[in-house]
Amino acid sequence: PDDQVLRTGAIQSSQTLSGRFNELSSSLIDVRRDSAAQVKAQVEKVNALAEQISGYNRQIAAFESSGVTANDLRDQRDEAVKSLGNLINITFSESQSGDITVLTNGAMLVGKTKAYAMSVEVDTTGGATLRVQGNPNPIVPKSGSIGGLLQISQSLVPDLLERMNGLAHEFIREANRAHSTGIPATGPFQSLKGIHSIQ
């Protein structure tokens, strides 16, 4: 604009807009890191429940070896399995001897007499990778609270950041296009240099 007040206003608006982009980016990165931190807490619950189920397996096997059904222990084990399923998608099956095995995405969490610990690795950007002891492949939960948190960390936030960066680059391109056709207060340009091509 020719008017100095309008020029100042345009600069201030640009600074406000770029500052808002930076705030949103930082907030999204914080959300990603918080989600990964929550996954760590949820994994601790998974391991505690897996240990409980393994303990119930042993108790039930010992109790039912006398031919009496351990109804109370079975009910408690069922509740633990239900709670585990709320955290992460699982499948389970019961053997003839009364013990159950629990798997998640093909990895065994609870065997006949042993629980296999789950661990989570978090990188510097907040991305999280799940693994189960004895299984070399990463675990990718499809449901449960852990699945939801990982979707935020690994899919939703990166997608939003990519889209926001694309919008910011579009603003930059259009601002550069406008500047390349404008006239500064000191008069017409004698020469222009830039790192971005103007189309």
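Since we're looking at a predicted model, the values are computed, not measured.

Rules used in this analysis
Each chain has its residues counted from 1, following the order in which its sequence is written. Per-residue local features of the predicted model are confined to residues with pLDDT of at least 70, and side-chain atom pairs are confined, for both listing and counting, to 80 or more; whole-chain, interface and lining totals are unaffected and use all residues. To get the side-chain values, take all heavy atoms of the structure and skip hydrogens and water. Runs of H or I in DSSP of at least four residues are treated as helices and runs of E of at least two as strands, each being numbered from the N terminus. Note on contacts: a residue pair is in contact if any heavy atoms of the two residues lie within 4.5 Å. Here, nonpolar core means buried Ala, Val, Leu, Ile, Met, Phe, Trp, Tyr and Cys residues that are tied together by side-chain atoms lying within 4.5 Å of each other. Accessible area is worked out with a 1.4 Å probe on protein chains only. A residue is then buried under 20% of its type maximum, exposed over 50%, and partly exposed in between. Every patch collects residues that have over 30% relative accessible area and no salt bridge, joining them within 9 Å if they carry like charges and within 5 Å if they are nonpolar side chains (Val, Leu, Ile, Met, Phe, Trp, Tyr). Residue exposure ignores everything except the shown protein chains as possible cover, and the areas themselves are Shrake-Rupley values with a 1.4 Å probe. A pairing counts as a salt bridge when a side-chain nitrogen of Lys or Arg comes within 4 Å of a carboxyl oxygen of Asp or Glu. The convention is simple: Lys and Arg are positive, Asp and Glu are negative, and His and the chain ends are not counted. Note that the charge is assigned to NZ on lysines, CZ on arginines, CG on aspartates and CD on glutamates. In short, DSSP must find at least two bridges between two strands for them to pair. Ring pairs shown here join Phe, Tyr and Trp side chains whose ring centres sit within 6.5 Å, with only the six-membered ring taken for Trp; geometry is labelled stacked below 30 degrees between planes, edge-to-face above 60, and tilted in between. Every residue is assigned a pLDDT by the predictor, reflecting its confidence on a scale from 0 to 100.

## Side note on the side chain of Ser35
Note on placement: Ser35 falls in helix H1 (residues 4-64). Beyond its immediate stretch of four places on either side in the chain, Ser35 contacts Leu149, Ile152 and Ser153.

## What to know about the nonpolar core
Ranked by internal contacts, the top residues of the largest apolar core, which has 32 residues, are Leu84 and Leu130. Mapped onto this core, the elements with two or more residues apiece are H1, helix H2 (71-87), strand E2 (100-104), strand E3 (107-110), strand E4 (118-122), strand E5 (128-132) and helix H3 (144-181). The element that contributes the greatest number of residues to this core is H1, accounting for nine residues. Apart from residues no more than four positions distant in its own chain, Leu130 is found in contact with Val39, Val43, Ile88, Met118, Ser119, Val120, Pro138, Ile139, Pro141, Ile146 and Leu150. Judged by nonpolar contacts, the second largest core, of six residues, contains Leu28, Val157, Leu161 and Ala168.

## Examining a negative patch on the surface
A contiguous patch of negative charge, built from Asp72, Asp75, Asp78 and Glu79, is present on the exposed surface. With respect to the helices and strands, Asp72 occurs in helix H2.

## What about the pairing of strand E1 (residues 91-94)?
Consecutive residues of a regular strand have side chains that alternate between opposite faces of the sheet. Pairing geometry for E1 and E2, over four bridges, is antiparallel. Looking at E2, one finds that Glu94 is bridged to Ile100. Between the antiparallel neighbours E1 and E2 lie five residues, among them Gly98 with a positive phi of about 100°.

## Concerning the packing of aromatic side chains
Here the structure, examined in full by the defined rule, presents one aromatic pair. Consider the rings of Phe21 and Phe171, whose centres lie 5.9 Å apart with planes at 70°: the pair is edge-to-face. Separated by 150 residues along the polypeptide, Phe21 in helix H1 and Phe171 in helix H3 bring together distant segments of the chain. On the basis of relative accessible area, Phe171 is assigned to the partly exposed category, the value being 41%.

## Notes on the confidence of the model for the protein chain
Mean pLDDT over the protein chain stands at 88; residues scoring 70 or higher make up 96%. Ranking the elements of the protein chain by mean pLDDT puts H3 last, at 88, and H2 first, at 95.

## A closer look at the pairing of E4
As defined by bridge partners, E4 adjoins E5 across five bridges and the pair is classed as antiparallel. Paired with Glu121 across the bridge in E5 is Thr129. If you look at the hairpin formed by E4 and E5, you'll find five residues sitting between the two strands, and Gly126 has a positive phi there, around 100°.

## Some words on a nonpolar patch on the surface
Side chains of Leu17, Leu167 and Phe171 sit close together on the surface and give an oily, nonpolar patch of about 260 Å² of accessible area. With respect to the element layout, Leu17 can be found in helix H1.

## As for the pattern of salt bridges
One pass over the structure, following the stated rule, counts eight salt bridges. The closest approach of N and O atoms between Arg74 and Glu94, which form a salt bridge, is 2.8 Å. On the criterion of sequence distance, the pair formed by Arg74 in helix H2 and Glu94 in strand E1 is long-range, its members being 20 residues apart. A relative accessible area of 18% means that Arg74 is categorised as buried. Under the relative-accessibility criterion, Glu94 is labelled partly exposed at 46%. Because the salt bridges share partners, they merge into one network encompassing Glu170, Arg173, Glu174 and Arg177.

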